[in-house]
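Report on the structure
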Amino acid sequence: MARKYNVVIEEVVSENFTIEADNIHEALKIAEQGYKNGKFVLCPGHLIAKQISANDEKGNYVEWYEF
């Protein structure tokens, strides 16, 4: 009989954004605000890494591994 499993896939993506600012800390602040406001979107972005894990209702699990 088939059982249910929770499978989690995690991706790490990156994208380069050019920001004009008076200093590097201001550039980071502008980037954080822009990201939160949806100005800077990492879609589709560059896939850096991906990993997968799974668990079942009995508490059995598979550690994260890259695929």
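The preceding data block contains the structure.
Structure report, in brief. (Residues numbered from 1 in each chain as written. Predicted model: local features only at pLDDT ≥ 70, side-chain atom pairs only at ≥ 80, totals over all residues. Heavy atoms only, no water.)

**Topic: the overall build of the protein chain**
The secondary structure content of the protein chain amounts to 1 helix and 3 strands. Moving toward the C terminus, one meets the helices and strands of the protein chain in the order β-α-β-β. Against the 2.2 N^0.38 benchmark of 11 Å for 67 residues, the protein chain shows a C-alpha radius of gyration of 18 Å, more extended than a compact globule. In terms of overall dimensions, the protein chain has a C-alpha envelope of 60 × 20 × 20 Å along the principal axes. Residues classed as buried in the protein chain amount to 10% of the 67 residues present. For the protein chain, long-range pairs separated by at least 24 residues make up 59% of all intrachain contacts whose partners lie at least 6 apart in sequence. (Helix = DSSP H or I, 4+ residues; strand = E, 2+ residues; numbered from the N terminus. Rg over C-alpha atoms; globule rule 2.2 N^0.38 Å. Buried < 20%, exposed > 50% of the residue type's maximum accessible area, 1.4 Å probe, protein only. Contact = heavy atoms within 4.5 Å.)

**A look at the environment of Ala27**
Along the chain, the position of Ala27 falls in helix α1 (residues 24-36). Assessed through its relative accessible area of 19%, Ala27 is described here as buried. As for Ala27 and Asp56, which are separated by 29 residues in sequence, their C-alpha atoms are 44 Å apart. With near-sequence residues (within four places) excluded, Ala27 lies in contact with Ile19 and Ala21.

Any link to function would need more than the numbers given here.
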